[in-house]
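Residues per chain are reported as follows:
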Amino acid sequence: MPLTATTAAPTTNRVGLDRTATIAVVVCWLFVVFDGYDLIVYGNVIPSLQNEWGISAATAGTLGSLAFLGMMIGAVLAGRLSDVVGRKRAVIGCAIVLSVFTALCALATGPVMFGALRLIAGLGLGGLVPTSNALAAELVPARWRAAVATMMMSGVPIGGSIAALLGIPVIPNWGWQPMFAFALVPLILLVPIAWKTLPDHTAAVTSTEVRPATGFSALLGTRFRSVSIMFALATMVTLLAWYGLGTWLPKLMQGEGTDLGSALTFALALNLGAVAGSFVTAWGGVRFGTIPTSIVAALLAGLALLSLLTSPPVALIYVIFVLAGVGTHGTQCLVIAAVASHYPDYLRGTALGWALGVGRVGAVAAPQIGGLLLAAGLGADSNFILFGVSALVAALLLTVIWRRFPSPT
């Protein structure tokens, strides 16, 4: 049955970007920065919440998992929604939900209220990355799509770095609440800009184009089922490593005898490594291919994290966390880039939502498993083993994708 888009998407066979498209991509990137801030901010306030509310490590892990549970639902629904109602509305809607309910966390009076607000905020948090990436992918030439998708994801660790830098002076002096109140800034500044600058269109479809199937029926049909499952599994173990570190690293390092300020500098090293990784892997993806580069990045992360078991000196620990940031976040950037390039335009949002949504199972599990390991008295090393092995499993899954499912684009 022929389908017609309300307004055609910009063509992607251009040599470069026009001014309107460039502004739109930058706005999408700023939303990803906001997403990254919200992802990491909880890990920075865990010690404060435990002190104020008297909650255990296992309970703190459960609270962290609630946001990721919302992300899992939000990614799947928003990715599909963006293919139906248009990228602009989906992006802005996710940003509003995330901003409002994150800011409300500052008013939480206990773990139950806090967890409920984080769960709802997670719906927007999970939807913002796939919808922003799907929109950006349609605005760039096809040959630059993988690089731009990877560069877009640099916003996540940049946002995380902002959270760590703010936390160092803010939390000791004013408590944890202002860290969540800062989420009002994007609502006030960025959403109005997005409403004026983002193109109002759905995926490019001509009036004569015939689709045998759309949405999840196509994504999990004969043509794409196997590779879609593999992408989701690779995302799952990668996110387990990345978000596990993002949630627990300050607490893990405090458990090793460092104070909160020093522990936050380790988190900053992780996020700065992830920022560098976004750019390094963007170059590597263009030069050597998206999937081969992701395999190397995952191996780097796994080996770096497992090397912590050797009790290296403090200076080397900082280097290890930089490498872990390069590898874990770089792998996820490249997986997103691979998904954005592997599927046709009318499935891109659904595919990104699927990979990130199902992959959020790893993100949901990471805070909970990490908290249970600590509560069982197994120490920081047990977490580093969990996250390191997860990265190595990601390398294995990506190797299978590389060998068996070459990209059609």
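Here the structure is a predicted model, which means the values were calculated and not measured.

S.K.: Teacher, can you tell me more about the overall build of the protein chain here?
M.R.: If you tally the helices and strands in the protein chain, you get 15 helices and zero strands. Taken over 409 residues, the protein chain has a buried fraction of 59%. Across the protein chain, every contact between residues at least 6 apart in sequence was considered, and the portion connecting residues at least 24 apart equals 86%. Here the protein chain displays about 15100 Å² of accessible surface, and carbon together with sulfur accounts for 71% of that area.

S.K.: Explain unusual backbone geometry to me, please; I cannot follow it from the model alone.
M.R.: Excluding glycine, residues mostly carry a negative phi; peptide bonds, for their part, are mostly trans. Look at Ser 311: it is not a glycine, yet its phi comes out positive at around 55°. Assignment of secondary structure puts Ser 311 in the loop between helix 12 (290-306) and helix 13 (314-342). With a relative accessible area of 64%, Ser 311 lands in the exposed category.

S.K.: In this structure, what is going on with the packing of aromatic side chains? I would like to understand it.
M.R.: The relation between two aromatic rings is expressed through the spacing of the ring centres and the mutual angle of the planes. Here the structure, examined in full by the defined rule, presents eight aromatic pairs. Both rings, one in Trp 283 and one in Phe 288, keep their centres 5.6 Å apart while their planes meet at 85°; by these two values the pair is edge-to-face. For Trp 283, a relative accessible area of 54% puts it in the exposed group. Plain terms: the ring middles of Phe 321 and Phe 384 are 6.1 Å apart, the flat faces sit at 50° to each other, and that makes the pair tilted. Residue Phe 321 is located in helix 13, and its partner Phe 384 is located in helix 15 (residues 379-404); the two are separated by 63 residues in the primary sequence. The pair Phe 321 / Phe 384 is uniform in exposure class, with both members buried. Through pairs of rings, three or more aromatic residues link up here, namely Tyr 42, Trp 53, Phe 114, Trp 176 and Phe 180.

S.K.: When you look at the side chain of Asp 38 in this model, what are you seeing that I'm missing?
M.R.: With respect to the helices, strands and loops of the structure, Asp 38 is situated in helix 1 (residues 19-53). Side-chain polar atoms of Asp 38 contact the side chain of Thr 102, separated by 2.5 Å. With near-sequence residues (within four places) excluded, Asp 38 lies in contact with Leu 98, Thr 102, Arg 118 and Leu 125.

S.K.: In this structure, what is going on with the nonpolar core? I would like to understand it.
M.R.: Here is a general trend for soluble globular proteins: nonpolar side chains tend to be buried in one another's company. Ranked by size, the top nonpolar core spans 117 residues in total, and within it Phe 31, Phe 114, Phe 231, Phe 321, Tyr 343 and Phe 384 carry the most contacts. Here the element with the most residues in this core is helix 1; it accounts for 17 residues.

S.K.: Explanation requested: helix 8 (residues 184-197) in the structure shown.
M.R.: Since the α-helix turns once every 3.6 residues, residues separated by three or four places project in the same direction. Across its 14 residues, helix 8 extends 20 Å between first and last C-alpha, which sits within 8% of the 20 Å expected from 1.5 Å per residue. Where helix 8 bends most, the angle comes to about 35°, and this point is Leu 190, followed within four residues by the proline Pro 192. All of the buried residues in helix 8 are Pro 186, Leu 190, Val 191 and Ala 194. Looking at the buried residues of helix 8, the elements they touch are helix 1 and helix 3 (87-104).

S.K.: How do you make sense of the environment of Gly 43 when you look at a structure like this?
M.R.: Residue position: Gly 43 is located in helix 1. On the basis of relative accessible area, Gly 43 is assigned to the buried category, the value being 2%. Residues Gly 43 and Ala 163, 120 residues apart in the sequence, show an inter-C-alpha distance of 9.6 Å. Contact partners of Gly 43, with chain neighbours within four places excluded, come to Gly 246, Thr 247 and Pro 250.

S.K.: Hey, could you run me through the packing of helix 4 (residues 111-138) against helix 14 (residues 345-375) in this one?
M.R.: Any two packed helices are characterised by how steeply their axes cross, that is the angle between the axes, and by the distance between the axes. Where helix 4 contacts helix 14, the two axes come as close as 9 Å, and the packing angle between them is 150°. Here helix 4 is positioned roughly antiparallel relative to helix 14, judged by the angle of their axes. Pair helix 4 / helix 14 crosses with right-handed handedness. On helix 14, the residues touching Gly 126, Val 129, Pro 130, Asn 133, Ala 134, Ala 137 and Glu 138 of helix 4 are Asp 345, Arg 348, Gly 349, Leu 352, Gly 353, Leu 356 and Arg 360. Across the contact of helix 4 with helix 14, the residue classes tally to six nonpolar, four polar and four charged.

S.K.: Help me understand the confidence of the model for the protein chain in this model?
M.R.: One rule of thumb: low pLDDT means the predicted coordinates there are not for detailed reading. Confidence in the prediction for the protein chain averages 80 pLDDT; 87% of positions are at 70 or higher. Ranking the elements of the protein chain by mean pLDDT puts helix 9 (residues 215-219) last with 71 and helix 7 (residues 177-181) first with 93. Low pLDDT (under 50) marks residues 202-212, which in the prediction has 31 contacts with non-local residues, meaning those over four places away or in another chain.

S.K.: Help me understand a nonpolar patch on the surface, please; the structure alone is not making it clear to me.
M.R.: A grouping of Leu 69, Ile 73, Leu 77, Ile 120 and Leu 123 is seen on the molecular surface, where their side chains present a nonpolar patch of about 390 Å² in accessible area. Elements supplying a minimum of two residues to the nonpolar patch: helix 2 (57-85) and helix 4. Ranked by the residues each element gives to the nonpolar patch, the list is headed by helix 2, at three residues. With respect to the helices and strands, the residue Ile 73 is situated in helix 2. For Ile 73, a relative accessible area of 38% translates into the label partly exposed.

S.K.: Looking at this structure, I do not really get the packing of helix 1 against helix 6 (residues 155-174). What am I missing?
M.R.: Look at helix 1 against helix 6: their axes get within 6 Å of each other, and the N-to-C directions meet at 40°. Accordingly, the angle class assigned to the pair helix 1 and helix 6 is oblique. Like other packed secondary-structure pairs, helix 1 and helix 6 cross with a definite hand, here right-handed. Across from Trp 29, Val 32, Val 33, Gly 36, Tyr 37, Leu 39, Ile 40, Val 41, Asn 44, Val 45 and Ser 48 in helix 1, the residues of helix 6 making contact are Gly 155, Val 156, Ile 158, Gly 159, Gly 160, Ile 162, Ala 163, Ala 164, Leu 166 and Ile 171. Its residues assigned to classes, the contact of helix 1 with helix 6 shows 15 nonpolar, six polar and no charged.

How each quantity is defined
Sequence order as written defines residue numbering, which begins from 1 separately in each chain. Since the coordinates come from a predicted model, pLDDT governs what is reported: local features require at least 70, and pairs of side-chain atoms require 80 or more to be given and counted, while whole-chain, interface and lining totals use all residues. Computation of side-chain values covers all heavy atoms of the structure but excludes hydrogens and water. Going along the chain from the N terminus, every DSSP run of H or I of four or more residues is numbered as a helix, and every run of E of two or more is numbered as a strand. Relative accessible area decides the class of each residue, using a 1.4 Å probe on protein chains only: under 20% of the type maximum gives buried, over 50% gives exposed, and in between gives partly exposed. Pairs of residues are marked as contacts when any of their non-hydrogen atoms sit within 4.5 Å. Values of accessible area rely on a 1.4 Å probe in the Shrake-Rupley scheme; residue burial ignores everything except the protein chains shown. Two rings from Phe, Tyr or Trp (for Trp, the six-membered ring) form a pair when their centres are within 6.5 Å of each other. A pair whose planes differ by under 30 degrees is stacked, one over 60 is edge-to-face, and the rest are tilted. N or O atoms within 3.5 Å of each other form a polar contact, as long as, within protein, one can give a hydrogen and the other can take it, and as long as residues adjacent in sequence are counted only when both atoms are side-chain atoms. Only buried Ala, Val, Leu, Ile, Met, Phe, Trp, Tyr and Cys residues count toward a nonpolar core, and they belong to the same one when joined by side-chain atoms within 4.5 Å. Take the residue count of a helix, subtract one, and multiply by 1.5 Å to get its expected span. What the bend at a residue measures is the angle between two axes, fitted to the seven residues ending there and to the seven starting there. In this analysis, axes come from line fits to C-alpha atoms, helices being fitted only over the stretch in contact, and the angle between any two N-to-C directions falls in the range 0 to 180 degrees. Should an angle fall under 35 degrees it is taken as roughly parallel, and over 145 as roughly antiparallel, whereas 65 to 115 is taken as roughly perpendicular and any remaining angle as oblique. In this scheme the crossing of two helices becomes right-handed for a clockwise turn of the near helix relative to the far one and left-handed for an anticlockwise turn of less than a right angle. Following the grouping adopted for this structure description, the nonpolar residues are Ala, Val, Leu, Ile, Met, Phe, Trp, Tyr, Cys and Pro, the charged ones are Asp, Glu, Lys and Arg, and the polar ones are all others, Gly among them. The predictor attaches a confidence to each residue, called pLDDT, with possible values from 0 through 100. Candidates for patches are residues over 30% relative accessible area with no salt bridge; among them, like charges are joined within 9 Å and nonpolar side chains (Val, Leu, Ile, Met, Phe, Trp, Tyr) within 5 Å. For this document, the term salt bridge refers to a Lys or Arg side-chain nitrogen within 4 Å of an Asp or Glu carboxyl oxygen.

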